[in-house]
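# Structural features, examined
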Amino acid sequence: MASHNTKTLVIRHGTLIDGAGHPAIANDTIVVEGNRIRSIGRLPEDIRLDDQDTVHVIDATGHWIMPGLIDGHCHLSFGFPQMGPVPSARGTTNPGFSALRAARNAQQVLRSGVTSLAVPGGTWFIDVALRDAIAAGVLAGPRIACAGNFIVTYGSIIDNEPSWVGTPEHALGVLANNVDEMITEVRRQCKNGVDFIKLADSTWGDTQTIAPEELAAIAQEAHRRQVRVTIHSRGAGSTRAAAEAGLDWIMHADLATAEELDVVAEAGIPLMPTMTFLQRALEVGHEFERGSGELDLIKRNWDSAVGMLERARTLGITILCGTNSGNSPMMPYGQLHAHEPEILVCYGGYTPLEAIAACTRNNAFVMGLEHDVGVLEAGRLADILLLDSDPLADIRVLQGGQHLAMVIKDGRVVDHNGAEETEPALALQMPALA
Ligand SMILES: [Zn+2]
C-alpha cells in the first residue's frame, strides 16, 4: 500500500461526480490533507504544486472522479463454503480460519473500488474484529459497519436445522424466540461492539416469522443503546411491520405491494432491495446446485421486486444499494459490488446520477457516516475513485474495478492492482442461504 497521507494530495482536472446527485462538472482541484478533503474547486493559494516534498499531484485529465463505492450488503465471514484442504464439519471452519479468510475477502472488496462496506450479519464477532483491525491499520480493507449474528426465530432464514439440533454456534443466525431472549441478544451484541442489529424474517417471504411487538421491542432496546436495526424482510407483512416498528432500514421488500410501500413511505424508512443476488441466482444458480423449486421462488420474488422498485421511486422512498456479495459461492467478492446501480437504471427508472448517489450518499447512512462519506465535499473523509470511463454514459463501468484508475481511501492511495497470489479452492456444497 503506497501512502501519501503525510503529503498534501492534489487531484487536478478531471470530471467531478460528487455523489450527492448534482450534475457532473469539470473540476480544477481537489485538495486532500490527512484523511479528509480540504477543498474542491480552485487551487488554494498556499499550495505550491512544484514542492514535491510536501505535495503529491495526481493528474486526472480525461478521468471521472467520484466518491468511493459503498456496498450496503456484503457478508465477509460466512462459515461457508467449505474449502477442500481445510478440515471442517457441518459446513463450517473454525473461527480463526474464518477470520483470516474474511480479511482476505475485505482486501478484494477494497481493490474493486468499495471503500465502505456494511456487513449485515456474520459468524461469531469476526466482522467486528476485522472492522477494528482495518481501522487500526493492521491490514488494508474498506471501512466496515457490521452487525453480529442475525436474530432469528424458529422458521426464519438461517434456522435450517431441526429444533433438536438447534442453531449451531458457527451459524449466521442466533435463535431468540420471545421478547426477553431478543432483548438479551441485542444487549449481548451491543456489548460486543456491533454497529447495528440484523433481524431476519423468513427466507423468501412466504411466512411472517417475527411478531410486530417483537420488532418494536428490539427497536426500542437497540435505539436506547444508540444502535440501528435492519431486517431481512422479503414478505409484505414483515415489511409493513418493520416500517411500523420504526426499524432504520429494510432489506429486500420483494413482495411488498403498493399498500405496504405506502406505509414505508409514510414512515420515511429507506429500502435496500439487494436485487443483485436475485438476478445473479437466476443467471447462474443452476450452475451452483440451486434447485428448480428455489429458482422458481426467486423468479417470483424478482418479478415482484421490479414492480416494488419502480413504485418506491414514485413514492420518493430512499433507495439504498446492496448486493449480498459473499452470501454464497455464486456471489464472489470484488465483482458484483456495483451491479445494483445498473439494476436501478435498467429496471427502476433511475438515472445513472441517481443510481450513483444511491450507492454513495444514500448508503453513507447504513455506515452511520452520513456526514463523513458518500459525497465529495470539503470536510468529508477522502474516499475517492478515479475512473477512465464515464459512468454516467454507461453505469456498468463501475463494475468489477475494470475501469478503476485509482482508489483513494482515507486519503491514502490503495494498491488496487495487488495481484492475487493464490486462488483458494471453493466447494459448491452449502446450505441454501439468501
Ligand atoms: Zn445477506
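Residues numbered from 1 in each chain as written. Predicted model: local features only at pLDDT ≥ 70, side-chain atom pairs only at ≥ 80, totals over all residues. Heavy atoms only, no water.

Attention now goes to the overall build of the protein. Assigned secondary structure in the protein consists of 11 helices and 19 strands. A compact globule built from 434 residues should have a C-alpha radius of gyration of about 22 Å, and the protein, at 21 Å, falls within 12% of that. With the C-alpha coordinates of the protein rotated into their principal frame, the extents come out at 70 × 50 × 45 Å. Here the protein, with 434 residues, has 58% of them falling under the buried criterion. Intrachain contacts of the protein at a sequence separation of at least 6 include 71% that bridge at least 24 residues. Only carbon and sulfur atoms are counted for the fraction: they give 50% of the accessible area of the protein, which is about 16,800 Å². When the 32 positive and 53 negative side-chain charges of the protein are each reduced to one mean point, those points stand 4 Å apart. (Helix = DSSP H or I, 4+ residues; strand = E, 2+ residues; numbered from the N terminus. Rg over C-alpha atoms; globule rule 2.2 N^0.38 Å. Buried < 20%, exposed > 50% of the residue type's maximum accessible area, 1.4 Å probe, protein only. Contact = heavy atoms within 4.5 Å. Areas by Shrake-Rupley, 256 points an atom, 1.4 Å probe, with all protein chains shown as cover. Lys, Arg positive; Asp, Glu negative; His and termini not counted. Charge placed at Lys NZ, Arg CZ, Asp CG, Glu CD.)

What follows is about the sheet that holds strand β1 (residues 8–12). Sheet architecture is open: 4 strands sit in the order β5-β4-β1-β6, paired in mixed fashion. If you trace the sheet from one side to the other, it starts and ends with β5 (36–41) and β6 (55–59), each paired once. Pairs of neighbouring strands in the sheet enclose a mean axial angle of 20°, with direction left out of account. Of the strand pairs in this sheet, strand β4 (residues 29–33) and β5 are connected by 5 bridges, and their pairing is antiparallel. In the strand pairing of β5, Ile30 is matched with Ile40. (Pairing = 2+ DSSP bridges. Axes fitted to C-alpha atoms, helices over the stretch in contact; angles between N-to-C directions.)

So, about the state of the cysteines. All chains considered together, the criterion is met by 0 disulfides. Here Cys321 stays free of any disulfide, with the sulfur of Cys359 as its closest cysteine sulfur at 4.6 Å. Judged by its relative accessible area of 3%, Cys321 is buried. (Disulfide = S-S within 2.5 Å.)

Time to look at the packing of aromatic side chains. The tally for this structure, following the rule as stated, stands at 4 aromatic pairs. Here the aromatic rings of Trp204 and Phe277 are separated by 6.5 Å at their centres, their planes lie at 5°, and the arrangement is stacked. Residue Trp204 is found in the loop between β13 (196–200) and α4 (212–224), and its partner Phe277 is found in helix α7 (residues 275–284); the two are separated by 73 residues along the sequence. Comparing Trp204 with Phe277 shows no difference in burial state: the two are buried. The cationic tip of Lys198 hangs over the ring face of Phe150; the distance from NZ or CZ to the ring centre is 3.5 Å. It is Arg313 that lies over the ring of Tyr350; its NZ or CZ is 5.3 Å from the centre. (Phe/Tyr/Trp six-rings, centres within 6.5 Å; stacked < 30°, edge-to-face > 60°. Lys NZ or Arg CZ within 6 Å of the ring centre and 35° of its normal.)

In the first shell of the zinc ion, the protein supplies His73 (NE2), His75 (NE2) and Asn324 (OD1), at 2.0 to 2.4 Å from the metal. Each donor residue of the zinc ion lies on one chain, and together they are spaced H-x1-H-x248-N. Of the two residues, His73 and His75, neither departs from the other in class, the shared state being buried. (Donors = N, O, S within 2.8 Å, 3.2 Å for Na, K, Ca; no water.)

This part takes up helix α8 (residues 292–314). Given a rise of 1.5 Å per residue, 23 residues ought to cover 33 Å, and the 34 Å separating the end C-alpha atoms of α8 matches this to within 8%. When we look at burial in α8, the residues that qualify are Glu294, Leu295, Ile298, Asn301, Trp302, Ala305, Val306, Met308, Leu309 and Ala312. Buried residues along α8 sit in contact with β15 (249–252), α6 (258–267), β16 (271–272), α7 and α9 (339–348). (Expected span 1.5 Å × (residues − 1).)

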